[in-house]
Amino acid sequence: MITNAIIGAGELGSRHLQGLIRYDERQTIYVVDPSEDSLKKSKDRALEIEHGHDIIFVNEVQALPLKLDMVIVATQANIRENIMNKLLEKHEVRFLILEKVLFQEIDAFERVSILLKQKNVKTWVNHPRRMYPLYQHIKSSLNSNSRLVLSLTGNNWFIGCNGLHFVDLFAYLSDSSVAQIDFEWLDEEVISSKRKGYVDFTGTVKGKFKNGAV
């Protein structure tokens, strides 16, 4: 039987749980959170969907089985590195899915990258727009010889967090990787994020991709 886990049972984690339990193959799913309120949210949302999986709710990473097929880390960014260190210290994990924004320290990216290579864990960041049929259709319609110019206009959608989705989407559509990001067009005023204790930004972000797309 497949054994998966979700670390962080709040708003995002509970939605990940609903996604997992829609998977047809039988699973044991562990849901980890020190907060009983967050665990209750996941329990309630799991009851909204009929399924035949075994769901086990625990308060600590240490309560997880030593071997796991997939782990979704849906905690807040300020504790994610510590959670991953605890998880990979003693547990064997085949696949990891991480929520963004990944970390709050620049150096954490390098530290975690080294850890993942040492533990040989295949890892993805949750940027699901590549899987949307609409964007897949757009990509299939593009001429590979064309130089793409991509733009997105909106308001009140928090560039620092949600902007990452569209950088990844543009990388997907252009079939290239980021060469440069220009933050000079951001507004000087920093705003409060939807998540308590975090900040976000307004303004404009510009960038270039390695194949010339902008």
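Residues numbered from 1 in each chain as written. Predicted model: local features only at pLDDT ≥ 70, side-chain atom pairs only at ≥ 80, totals over all residues. Heavy atoms only, no water.

(A) Structural context of the nonpolar core. The biggest cluster of nonpolar side chains holds 24 residues, and the ones touching the most others in it are Ile-7, Leu-64, Val-71, Leu-87, Leu-88, Val-93 and Leu-96. Those elements that provide at least two residues to this core are strand S1 (2-7), strand S2 (27-32), strand S4 (67-73), helix H3 (77-90), strand S5 (92-98) and helix H4 (106-119). Listed in part, the 12 residues of the second largest apolar core include Ala-9, Ile-21, Ile-49 and Met-70. (Core = buried A, V, L, I, M, F, W, Y, C linked by side-chain atoms within 4.5 Å. Buried < 20%, exposed > 50% of the residue type's maximum accessible area, 1.4 Å probe, protein only. Helix = DSSP H or I, 4+ residues; strand = E, 2+ residues; numbered from the N terminus.)

(B) Structural view of the packing of aromatic side chains. Scanning the entire structure with this criterion turns up three aromatic pairs. Pairing Phe-95 with Trp-124 gives two aromatic rings, centres 5.9 Å apart and planes at 50°, and the pair type is tilted. Residue Phe-95 is found in strand S5, and its partner Trp-124 is found in strand S6 (residues 122-125); the two are separated by 29 residues along the sequence. Centre to centre, the rings of Phe-103 and Phe-109 are 5.0 Å apart; their planes meet at 85°, and the pair counts as edge-to-face. (Phe/Tyr/Trp six-rings, centres within 6.5 Å; stacked < 30°, edge-to-face > 60°.)

(C) Representation of the side chain of Glu-81. Structurally, Glu-81 is set in helix H3. Here Glu-81 falls in the buried class, since its relative accessible area comes to 17%. Separated by 2.7 Å, the side chains of Glu-81 and Arg-111 make a polar contact. If sequence neighbours within four positions are ignored, Glu-81 has contacts with Phe-103, Ala-108, Arg-111 and Val-112. (Polar contact = N/O pair within 3.5 Å; in protein donor to acceptor, adjacent residues only side chain to side chain. Contact = heavy atoms within 4.5 Å.)

(D) Inspection of the environment of Ile-191 at higher detail. Here Ile-191 shows up in strand S8 (residues 191-192). The exposure class assigned to Ile-191 is partly exposed, which follows from its relative accessible area of 26%. Sequence separation between Ile-191 and Phe-158 is 33 residues; the distance between their C-alpha atoms is 9.0 Å. Residues in contact with Ile-191, not counting those within four places in the same chain, are Phe-158, Val-199, Asp-200, Phe-201 and Thr-202.

(E) Quick peek at the sheet that holds S1. Taking strand neighbours across the sheet as the criterion, the six strands line up as S3-S2-S1-S4-S5-S6 in an open arrangement whose pairing is parallel. At either end of the open sheet lies a strand with only one pairing partner, and these are strand S3 (54-58) and S6. Put simply, the sheet's adjacent strands are angled 20° from each other on average, direction ignored. Pairing analysis gives four bridges linking S1 to S4, with the strands arranged parallel. Looking at S4, one finds that Ile-6 is bridged to Ile-72. Sheet contacts for helix H1 (residues 11-20): S1, S2, S3 and S4; angle to S1, the most-contacted strand, approximately 160°. Contacting S1, S4 and S5, H3 crosses the sheet at an angle of about 160° to S5. (Pairing = 2+ DSSP bridges. Axes fitted to C-alpha atoms, helices over the stretch in contact; angles between N-to-C directions.)

(F) Expanded view of the pairing of S4. Counting buried residues along S4, five of its seven residues qualify, which places the element largely inside the surrounding structure. One ladder, built from six bridges, connects S4 with S5; its direction is parallel. From the neighbouring strand, Met-70 faces S5, where its bridge partner is Phe-95. Since S4 and S5 lie parallel, the crossover through H3 that links them has a hand, and here it is right-handed. (Right-handed = clockwise from strand over helix to strand, strands pointing away.)

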